[in-house]
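# Summary of the model geometry
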Amino acid sequence: MLTSLRRIIQDVAAAGSFREALDIIVRDVRTTLGTEVCSVYLLSPEADRYLFVATEGLNQEAVGKLSLKLGQGLVTLVAERAEPLNLQDASNHPRFHYLPEIGEEPFNAFLGVPVIHHRQVLGVLIVQQRDNRRFDEEEEALLVTLAAQLATIIAHAEATGDIRKLFHGDTGTEAMATDVMFRGIPGSPGIAIGTVLVVQPPASLEGVPEREAEDVTTELILLDRAINAVRGDLRRISQQFSKSLPPEELALFDAYLHMLDDNALAGDIRERVRRGLWAQGALKQVIREHVRRFEAMEDAYLRERGADVEDLGLRVLGYLQDISTRKLHFHDETILVGYEVTPSMLANIPPGKLRGIVSVRGSGSSHVAILARALDIPAVMGAVDLPIATIEGQSMIIDGIYGELYLNPSAQLQESYRALIVAENQFATELEQLKELPAITLDGWRVGLWVNIGLPGDITRSLDRGAEGIGLFRTEVPFMTKERFPTEEEQRVIYREHMVAFEPRPVTMRSLDIGGDKALSYFPIDEENPFLGWRGIRVTLDHPEIFMVQARAMIKANAGLQGDLRIMLPMISSMNEVEEAKALIHRAYIEVLEEGVQVKQPLVGVMVEVPAAVYQARALARRVDFLAVGSNDLTQYMLAVDRNNPRVASLYQETHPAVLAALLEVARAAHRENTYVGICGELAGNPIGAVLLMAMGYQVLSMNATNLPKVKWVVRNIRRSDARRMLVRVLKMNTAQEVQSYMRAQLVRAGLERVVPTYHA
Ligand code: PEP
Ligand code: MG
């Protein structure tokens, strides 16, 4: 059964058009269930009727012509109830609606299941048959399973306008006149218009489906082309390194070339294609078998060669999948689009060319979104319906405020978005005047506005926007751009550059925070559940050699400067971790002194990112110099919502009452112990969040440089007493939605509507 299901989904996914996909669905489902009729009805874009869009077994003439109004017939009953309807004799049911043109009289048994995507019914899948027997439970379960999987494909067709075309015709002007919008999750605010550049993840053998060759000769030609392309690459690389690599290393390329010979891998793969497999499937099988054979060998050196075979296989697969190692060409106004855009992809883009980022995976709290905000680049995450395989080179509007995208927008739409860009730029220019002014409320309460930093170029941007300190230096970013751990001296130089630029302002250096969604290519961590795994301080305490080098580099970098060095520990979940890390930092400090470098003792603080730390905030506050809430992770762990998962993005709510209660708890604990308390999660840079945090008594709000001027403008135009009044009201609320709408209304009332944009209905 599973195989049939998979085959149907694969066939549908490979269809050349949505029309064809619908025909495949009805044909395959009818065959798999051994029934007489299978049909699909889809909800109209106006949501007023269900159109008969495909059938196998009923009158084909009626396809695209017949429809049922809401409330009419069994089909709409399935949709209304959003659950399966399984009847032995459909014509006896009170909701049965007779449609003479469709020809369903002989088929009494009826099974209908809704097609639902994100809680919305998009259509109904029906099977029918002649003999008066009910469809059995297994058939019902199969249809439900299938409908759940087809929902994504149908939702996709809705997003691309294909469903609209079914209703209004291929050439219908209505379809053309409507700008098709793809929805995602706001990742980084701002609007941009540019040209799409699709970045692909590396090919994966795992993802290659089992499939027969449609045409063996074509598959053989494709295979030869791919192998020749890889041969060419290997020769080129070997030549390129011929002067810099010793001969024994260069021999590896010859070994690779030999493996591609006909009497080695290539011969085996070709043989399997001749027997009927498609080239990618044959490649996968052969590579797997060879890797397994190598891995079973006793000799460690030979075992390692399994990785070479795999690497070679991936290179060939890359060409077969036409995602060759092509050099990316960046347009002047590039909108980078990918299935999963990663922080390391951003590190390679020529400065000044990137206008926007769109990722199919991920959400507003993914690290790539955080980096986008730091770079002041609009980003939309979780754009799950975007057909990324077919949009290279097309123009796109990206609206990072509402998380919306428009492909090939009409001139009219471009014009209205350009007007919004102009208005945003004008506001930004006005805000520049605040640069030198303090963040002080109308009634004299002062709050520190610091920056979160990490990328090259952040320093100037941060100082230009009036940052009063660094509240979070994400040290993993310089680690990510290397091919091995950076040396102590390499780290010292980067850290010092920041400290000197910010002198005499305080600089908070976070110890290496890898794991979760932050990977180092040279230190892979492969885990089932990475956000609950080896992350942050857990990794560095297990590797004191990495921690010590970093701590020494930080302490040395601060030599001779007045600004405070604050070392901050991520992902703390127990007092033991704090004690161990403090001991290592102290040892590093003593070592540096013993080397004769005159340095001050650093301040040490912890990040409150997991619920355990909230409940131990007072004890922690007693043992450290400062607390800093990492609200991005704290929200994820309080609400048990993966910060990268678009499916649950609407549940990731930074102003959820439980999160606000935790934030208040931490602030109070720190106040009781007279310990400095700040926050460096994204909530700090959100005007609504900033007002509430200031009311709670957070002394430092650390955020990306982009948001800083807006937050300063809000702080300078509000009274803290009013903010505290709002907080009291908010703390009585039960949902994040209530909090958001109340706070928006309050900011608008205070004349601050420019920070809560409302250009959208
Ligand atoms: C946080 O979790 O809020 C935080 C600032 O750290 P990061 O986003 O880098 O995980
Ligand atoms: Mg964090």
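Predicted model, so just to flag it, every value in this text is computed and none were measured.

Glancing now at the sheet that holds strand S11 (residues 354–359). Within a sheet, adjacent strands bond to each other through the backbone by hydrogen bonds, running parallel or antiparallel. Here 8 strands make up an open sheet; going across it, the order is S7-S14-S13-S9-S10-S11-S12-S8 and the pairing mixed. At either end of the open sheet lies a strand with only one pairing partner, and these are strand S7 (181–183) and strand S8 (185–188). Adjacent strand axes in the sheet meet at a mean angle of 30 degrees, parallel and antiparallel pairs treated alike. Bridge count for strand S9 (residues 191–199) against strand S10 (residues 334–338) is 5 bridges, and the pairing is parallel. The partner of Val196 across the bridge, within S10, is Ile335. Packed onto the sheet, helix H13 (residues 367–375) meets S8, S11 and strand S12 (379–381) and runs at close to 50 degrees relative to S8. Running over the sheet, helix H14 (residues 411–431) touches S9, strand S13 (395–399) and strand S14 (404–407) and is turned about 115 degrees from S9.

Spatially, S15-S16-S17-S18-S19-S20-S21-S22 is the arrangement adopted by the 8 strands of the closed barrel, whose pairing is parallel. Put simply, the sheet's adjacent strands are angled 25 degrees from each other on average, direction ignored. Here strand S17 (residues 507–510) pairs with strand S18 (residues 565–569) via 4 bridges, running parallel. Residue pairing for S18: Met509 is matched across the bridge by Ile567. Each of S17 and S18 touches helix H19 (residues 544–557); the most contacted strand, S18, lies at about 160 degrees to it. Running at roughly 165 degrees to strand S15 (residues 448–453), helix H26 (residues 708–716) makes contact with S15 and strand S22 (700–703) of the sheet.

Turning next to helix H25 (residues 687–696). Of all 10 residues that make up H25, 10 are buried, and the element is covered over most of its length. Among the residues of H25, Pro687, Ile688, Gly689, Ala690, Val691, Leu692, Leu693, Met694, Ala695 and Met696 are the ones counted as buried. Contacts made by the buried residues of H25 are with helix H24 (657–672), strand S21 (676–679), S22, H26, helix H27 (720–730) and helix H28 (736–749). Sitting at the head of H25, Asn686 places a side-chain oxygen 2.8 Å from the backbone nitrogen of Ile688. One or two positions beyond H25, positive phi appears at Gly697, with a value near 100 degrees.

Looking now at the pattern of salt bridges. Summed over all chains, the structure comprises 44 salt bridges. Between Lys435 and Glu436 there is a salt bridge, with the nearest N and O atoms lying 3.9 Å from each other. The residue Arg535 makes a salt bridge to Asp633 at a minimum N-O spacing of 3.0 Å. Highlighted residues: Arg535 in the loop between S17 and helix H18 (537–542) and Asp633 in helix H23 (residues 631–639), separated in sequence by 98 residues. When its relative accessible area of 0% is taken as the criterion, Arg535 is described as buried. By relative accessible area, which is 2% here, Asp633 ends up buried. Residues joined in a network through salt bridges with shared partners are Glu476, Arg510, Asp513, Lys518, Arg535, Asp633 and Arg643.

Attention shifts here to the domain arrangement of the protein. Taken as a whole, the protein is organised into domain 1 (2–172), domain 2 (180–201 + 326–409), domain 3 (205–320) and domain 4 (439–760). Summed over both sides, the interface between domain 2 and domain 4 buries roughly 2,100 Å², with carbon and sulfur atoms accounting for 57% of that surface. The largest contributions to the domain 2 side of the interface with domain 4 come from Ser365, His367 and Tyr402, which together make up 28% of the buried area. Linking domain 2 to domain 4 there are 2 salt bridges. Of the charged contacts, one joins Glu682 and Arg373 as a salt bridge, the two residues approaching to 2.4 Å between their closest N and O atoms. For the pair domain 2 and domain 4, the interface holds 5 residue pairs in polar contact (both at pLDDT 80 or more). Among the elements of the structure, helix H12 (343–347) and H13 are those that each provide at least two residues to the side of domain 2 that touches domain 4. It is H13 that provides the largest number of residues to the side of domain 2 that touches domain 4, a total of 6 residues. Tallied by class, the residues present in the side of domain 2 that touches domain 4 amount to 13 nonpolar, 6 polar and 5 charged.

Every protein donor of the magnesium ion (ligand 2) is listed here as Glu609 (OE) and Asp633 (OD), and their distances to the metal cover 2.0 to 2.1 Å. Here the residue Glu609 occupies a position in the loop between strand S19 (603–608) and helix H21 (611–615), and Asp633 occupies one in helix H23, the gap between them amounting to 24 residues. Note on accessibility: Glu609 and Asp633 belong to one class, buried.

This paragraph deals with the packing of helix H2 (residues 18–33) against helix H4 (residues 137–160). In contact at an axis separation of 12 Å, H2 and H4 are set at 175 degrees when each is read in the N-to-C sense. By the angle class used here, H2 and H4 are roughly antiparallel. Together, Phe18, Ile25, Val29, Thr32 and Leu33 of H2 and Glu139, Leu142, Leu143, Leu146, Leu150, Ile154 and Ala157 of H4 make up the contact between the two elements. Its residues assigned to classes, the contact of H2 with H4 comprises 10 nonpolar, 1 polar and 1 charged.

Quick look at the site of ligand 1 now. Ligand 1 sits among 17 residues. The nearest are Arg510, Glu609, Gly630, Asn632 and Arg643. Residue Asn632 places a main-chain N or O atom 2.7 Å away from an oxygen atom belonging to ligand 1. Within the side chain of Arg643, an N or O atom sits 2.9 Å from an oxygen atom of ligand 1. A total of 290 Å² of accessible area belongs to ligand 1 in isolation, and the protein chains cover 100% of it.

Within the secondary structure layout, Tyr495 lies in helix H17 (residues 488–502). Put simply, Tyr495 and Ala553 are 58 residues apart on the chain and 7.7 Å apart in space, counted from C-alpha to C-alpha. Excluding residues within four positions of it along the chain, Tyr495 makes contact with Phe473, Thr475, Phe479, Met509, Gln550, Ala553, Met554 and Ala557. In terms of polar contacts, Tyr495 uses its side chain to reach the side chain of Gln491, at 2.7 Å. Side chain to side chain, Tyr495 and Gln550 meet in a polar contact 3.1 Å long.

Here we take up the side chain of Thr706. Mapping Thr706 onto the fold places it in the loop between S22 and H26. On the basis of relative accessible area, Thr706 is assigned to the buried category, the value being 16%. Within the local environment of Thr706, its side chain forms a polar contact with the backbone oxygen of Arg373, the two atoms lying 2.5 Å apart.

Moving on, we get to the nonpolar core. With 112 residues, the main nonpolar core has Leu627, Leu663, Tyr698 and Leu701 as its most contacted residues. No other element matches H24, which puts 9 residues into this core. Excluding its chain neighbours within four sequence positions, the residues that come into contact with Leu627 are Val606, Val608, Ala617, Leu620, Ala621, Val666, Ala670, Thr675, Tyr676, Val677 and Gly678. With 38 residues, the next largest nonpolar core counts Leu111, Val115, Ala151 and Ala157 among its residues.

Mapping Gln491 onto the fold places it in helix H17. Among the polar contacts made by the side chain of Gln491, one reaches the main-chain carbonyl oxygen of Pro486 at a distance of 3.2 Å. In this structure, Gln491 is in contact with Phe479, Pro486, Val549, Gln550 and Ala553, ignoring residues within four places of it in sequence.

As a further point, take the pairing of S9. Of all 9 residues that make up S9, 8 are buried, and the element is covered over most of its length. In this structure, S9 lies alongside S13, joined through 5 bridges in antiparallel fashion. If you follow Ile193 over to S13, its bridge partner there is Ile397.

Rules and cut-offs
Every chain's residues receive numbers from 1 upward, in the order its sequence appears when written. The lettering of chains begins at A and the numbering of ligands begins at 1, in the order of writing. Only residues with pLDDT of at least 70 are given local features in this predicted model, and only at 80 or more are side-chain atom pairs given and counted; all residues enter the totals for whole chains, interfaces and linings. Heavy atoms throughout the structure, all of them, feed into the side-chain values; hydrogens and water do not. Following DSSP output, two strands are said to pair if at least two bridges run between them. Secondary structure is summarised from DSSP: a helix means a run of H or I of at least four residues, a strand means a run of E of at least two, and numbering begins at the N terminus for each. Each axis is a line fitted through C-alpha atoms, and for a helix only the stretch in contact is used; angles between axes span 0 to 180 degrees, taken between their N-to-C directions. Any two residues whose heavy atoms approach within 4.5 Å are treated as being in contact. A simple rule labels every residue: compare its accessible area, found with a 1.4 Å probe on the protein chains alone, to the largest value its type can have, and call it buried under 20%, exposed over 50%, or partly exposed in between. Counting of polar contacts relies on pairs of N or O atoms within 3.5 Å, with two restrictions inside protein: one atom must be capable of donating a hydrogen and the other of accepting it, and residues adjacent in sequence are counted only when both atoms are side-chain atoms. Salt-bridge detection follows one rule: a side-chain nitrogen of Lys or Arg within 4 Å of a carboxyl oxygen of Asp or Glu. Source of the domain bounds: an automatic or database domain assignment. Buried area is calculated as the accessible area (1.4 Å probe) missing from two parts once they are joined, with the contributions of both summed. In this count, Pro and Cys sit with the nonpolar residues alongside Ala, Val, Leu, Ile, Met, Phe, Trp and Tyr, while Asp, Glu, Lys and Arg are called charged and the others, Gly among them, polar. Metal-coordinating donors are taken as N, O and S atoms lying within 2.8 Å of the metal, or within 3.2 Å when the metal is Na, K or Ca; because water is left out, some sites can appear incomplete. Any angle between 65 and 115 degrees counts as roughly perpendicular, while under 35 counts as roughly parallel, over 145 as roughly antiparallel, and the rest as oblique. For each residue, the test is whether any non-hydrogen atom lies within 4 Å of the molecule or strand; if one does, the residue is near. Here, Shrake-Rupley sampling with a 1.4 Å probe gives the accessible areas, and only protein chains in the shown set may cover a residue. Here, the term nonpolar core denotes a set of buried Ala, Val, Leu, Ile, Met, Phe, Trp, Tyr and Cys residues that are joined through side-chain atoms within 4.5 Å.

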